[in-house]
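Residue-level structure breakdown
Chain by chain, the residues:
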Amino acid sequence: MPDLSNIQGNTLRGYASYTEAHFLLLAIRSADAGRALIQSLVEAEAVTPAQWCKRPVTTLNFAISFEGLRALGLSGECLGSFPAEFQEGMKHRARELGDVAGSCPDRWDEPWRTQRVHILLMIYASTRPELDQQCRRIRDLLPAGVEELQPSQPAGRLHIDGAVTRREHFGFLDGISNPDIEGVPADEGPGRAQDIGNPDGKGRFRKIPVGEFILGYPGEGGELAPMPLPHLLAQDGSYLVFRKLQQDVIGFRRYLQNQAHAFARTLRNGMPYGVKVEDFLAAKMMGRWQDGSPLTQYPHSQGGSTDNNFAYAGDPAGARCPLGAHIRRANPRDALGFGGRTMSRHRLIRRGIAYGNYLPPDRPDEEDGKRGIIFIAFNSGFDQFEFVQRNWINLGDDFEQGNDTDSIAGSHDGGRMTIPGDEATGRRPFICFDIPRFVDTRGGDYFFVPSLAGLRLLASNRIEVT
Amino acid sequence: MADRARNQHGSGKAVTFNVLTPMTRFGAFVVGLLLLFLDRVKRTQTTAKQLAFLPFVHWVIVKRDKFPRLDDSQPAEQLNYDYLFFLSTFNGPWGPYIEAFADVLYLPLDSVWFWSIGYPFARPVGPLKDYIHRNQVESDHSYSAYPGASVRDARAGIELRNAVQSFVKNASALSPDRFALEFDRLFMSVQNKVGTFGPTT
Amino acid sequence: MANQNGANYGFTGLFPIARGQSIELRALLRSLDDTKAFPRGSPFSHVPIIHMARLVIIDCLPYQGTPAKLDTLRSDYLLFTCDFDGSSVDAVINAMAANIPGPMMAIWGNCIGFPGIKKHDRLSEYFERCQLDNNLFLVDQPKASVDEILRGLLCRRRFGEFVELMQRKPRKPAVLKRGFMRMWRRLETERPLPGDL
């Protein structure tokens, strides 16, 4: 059973009811000051654990990069025990991750472009005033010797037509699907995500061992992910992938409009009543309709359901959900065969949140395209994220799609995607050509999320690897 | 890297992987029988092919007195062990492929490598990866005649060409309208075989 | 012994390297993928029947730690694996001697007992003496030659290009048919070279 009082929050269960967020990006200029900051957060019991008795008004979570650990003065043995990818940092892995051309680190936003972020403070709240007040309180705590890098990063659920939604900027309902983890009480309440496990080899899904996401517990294959030293620092910690992903909403909508006519020609009987061709094409690229209903269950029109308990066995050629659709790449479920044994080590917890204002269709863009998603993923080793990014998002081989990348999230310049036809309806196959890159990286890094005990150890300056 | 085939357009999808492991005489004898068995009984090979990332693999037992000696000036080897040479190619770096072996084919893997000195069993996979690091030899040169093609790419190309060839044979005499219908049918039958391929920069 | 699988032969050989030549040989081997000299990635790209090949200098054997014993090699060896279309070693030796005599001399000239490439029967004998039989040889496409795989890949590319053309602008069936048959005829004359794709 994972120790939810020691593990930080927003990992095993998301902050579904906190709709506003702010990310403070800090640099440690003196090791003492860095430790003093952590100590004051610990003393104030400010850092939110994964489980609480009373729902806090705001939440605060702490993550630290490799350079941050170094700036705190950790020893060489301790630093050297962290994974290679974490030591390098995300910027140096740009080529592996497809952060090239328009997404290369030279094009990133500040402070990511020229600075190294040491500490990431993640603040969530249910209202803007509560969020602002907590930000002020935290900023007041910052000692001289810990510098806040500018600009900080606001984020929050999109307001569309006057209502707060869980949609992201391309219009798709987001945060529907996350891993179903052993030992974690299910989220309660209406409209909560339906978590999905890994295939059990018998057509259903089983829970995923918590060690895939939290250090110190067995993961898939019955093993512990490599842990940094000392043990107290590592236990109940996790690794966080933080990526600021800018979304080209105008480009996405334009592409759909440009392709609509040609795509419509493949539909022998035309579209079902009330369904726009662009929406159908967008759904084919994503694997879900914009309301979150999966194509596998609702192949002809959206179904108003986010039922997440589906498999791909009944759709081997992708007639309903294309083999290269985004959700089928991000979580292939049973699509790769072998009872799920070749996909089970590659799951990620995702806690993304939008930034920037929603752009209504046919309105001028007053923000010059500065909107997107703060992609946040948790794993117990960065090889999990990097595998998904390199082998499933930026390559299609496992899905019989050759080098074709994810049409929505992939790194490509003139990408391609095959939308298989459907013998049942007579819809002919269609290939999307010259797909521009819709999502560009604008910043981010790899972070370590210590447990609360790990935080106390970091504050203490008593870390030794003997 | 010399273990990765490439061409002027970029890095290929053929990465050579060489692991040499020592065995006792008895171990080598047992492995010889096991490999003979695996050669005759195709079930493991079928599963390995379903994994779809092995274009060519050589398993070679090199007995301690069988290192080629061509000339008296070349001293005879005096070794304590026989060796199993495992010479494979993957579509990329070996980590995820070894995990797939450990998750799907651990029984044949363990049966064959159990007899190698120091082999830690396939699961958990961490010690197996350490074992491989210790016993791996990097290639000094790797070549593929189709570096931009993975196993699936090559298969899809062959199948697609066969389908097109068949189509041309049967449909070339059809009226244009019937041809167009048959073309649609052809496209549907090969729709998941037309992805782009090639070396990556 | 498992050297043959379908139409493919898997050669594995260990060639003792002349004393003192390993360092130079390794530098040479590591330069063979210089795409200025060999744009298709290797001198082997000039030998049309070879699917895949590798060259590895084996100068030490792995040590497992106590109580295992340490094995020390008295000679260095050049490990050469080569998967090609054919049913005997002669096929690949003749093809290499004919197409890449220079690189062959440069590589194997560092090895003990190499007889040169002028006399093919002595060359064959030399390779056979250094050959190790495979105990197991797995091949994904045992029936496919290099040429068939390359032509399949090219067909895949051209088919995709054809679909793009037809999709951009719908064509009348007669135009579709003419265009397809033209594409196919052109494809039949295209001969992609090994290492190109």
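Attention here is on the structure that accompanies the text.

What counts and how
- Residues numbered from 1 in each chain as written.
- Chains lettered and ligands numbered in written order.
- Predicted model: local features only at pLDDT ≥ 70, side-chain atom pairs only at ≥ 80, totals over all residues.
- Heavy atoms only, no water.
- Contact = heavy atoms within 4.5 Å.
- Buried area = accessible area lost by both parts, 1.4 Å probe.
- Salt bridge = Lys/Arg side-chain N within 4 Å of Asp/Glu carboxyl O.
- Polar contact = N/O pair within 3.5 Å; in protein donor to acceptor, adjacent residues only side chain to side chain.
- Pairing = 2+ DSSP bridges.
- Helix = DSSP H or I, 4+ residues; strand = E, 2+ residues; numbered from the N terminus.
- Axes fitted to C-alpha atoms, helices over the stretch in contact; angles between N-to-C directions.
- Core = buried A, V, L, I, M, F, W, Y, C linked by side-chain atoms within 4.5 Å.
- Buried < 20%, exposed > 50% of the residue type's maximum accessible area, 1.4 Å probe, protein only.

**Observations regarding the interface of chain A and chain C**
Each partner contributes residues to the interface: chain A has nine residues there, and chain C has seven residues. Between chain A and chain C, roughly 620 Å² of surface is buried when both sides are summed, and carbon and sulfur atoms account for 49% of that area. The three residues of chain A that bury the most area against chain C are Arg265, Ile431 and Phe433 of chain A, which together make up 61% of that side's buried surface. Here chain A and chain C share one salt bridge between them. For Arg168 of chain C, the salt bridge is made with Asp434 of chain A, and the minimal N-O distance between the two is 3.0 Å. If you look at where chain A meets chain C, you find three residue pairs in polar contact (both at pLDDT 80 or more).

**Notes on the sheet that holds strand E2 (residues 10–23) of chain B**
The five strands are arranged E1(B)-E2(B)-E4(B)-E3(B)-E6(C) in an open sheet whose pairing can be described as antiparallel. Among the strands making up the open sheet, the edge pair consists of strand E1 (4–7) of chain B together with strand E6 (136–139) of chain C. Averaged over neighbouring strand pairs, the angle between their axes works out to 15° when direction is ignored. As defined by bridge partners, strand E3 (residues 56–62) of chain B adjoins E6 of chain C across four bridges and the pair is classed as antiparallel. In the strand pairing of E6 of chain C, His58 of chain B is matched with Phe137 of chain C.

**Notes on the nonpolar core**
One finds Phe23 and Leu240 of chain A to be the most contacted residues of the largest nonpolar core, which totals 129 residues. With near-sequence residues (within four places) excluded, Leu240 of chain A lies in contact with Ala63, Leu120, Met122, Ile376, Ala377, Phe378, Phe382, Asp445, Tyr446, Phe447 and Val449 of chain A. Counting residues in hydrophobic clusters, the runner-up holds 82 residues, among them Phe179 of chain B together with Cys111, Leu123 and Phe159 of chain C.

**Brief notes about the pattern of salt bridges**
Inspection of every chain in the model, using the stated rule, returns 42 salt bridges over all chains. One salt bridge in this structure joins Asp33 of chain C and Arg6 of chain B, with 3.6 Å as the shortest N-O distance. Residue Asp33 of chain C is found in the loop between helix H1 (22–30) and strand E3 (50–58), and its partner Arg6 of chain B is found in strand E1; the two belong to separate chains. Here Arg6 of chain B falls in the partly exposed class, since its relative accessible area comes to 32%. In this structure, Asp153 of chain B and Lys13 of chain B form a salt bridge, with 2.7 Å as the shortest nitrogen-oxygen distance. Note that Asp153 of chain B is positioned in helix H6 (residues 151–171) and Lys13 of chain B in strand E2, a separation of 140 residues in sequence. Looking at Lys13 of chain B, the relative accessible area reads 8%, which means it is buried. One network of salt bridges, with partners in common, ties together Asp140 of chain B together with Arg26, Arg30 and Asp59 of chain C.

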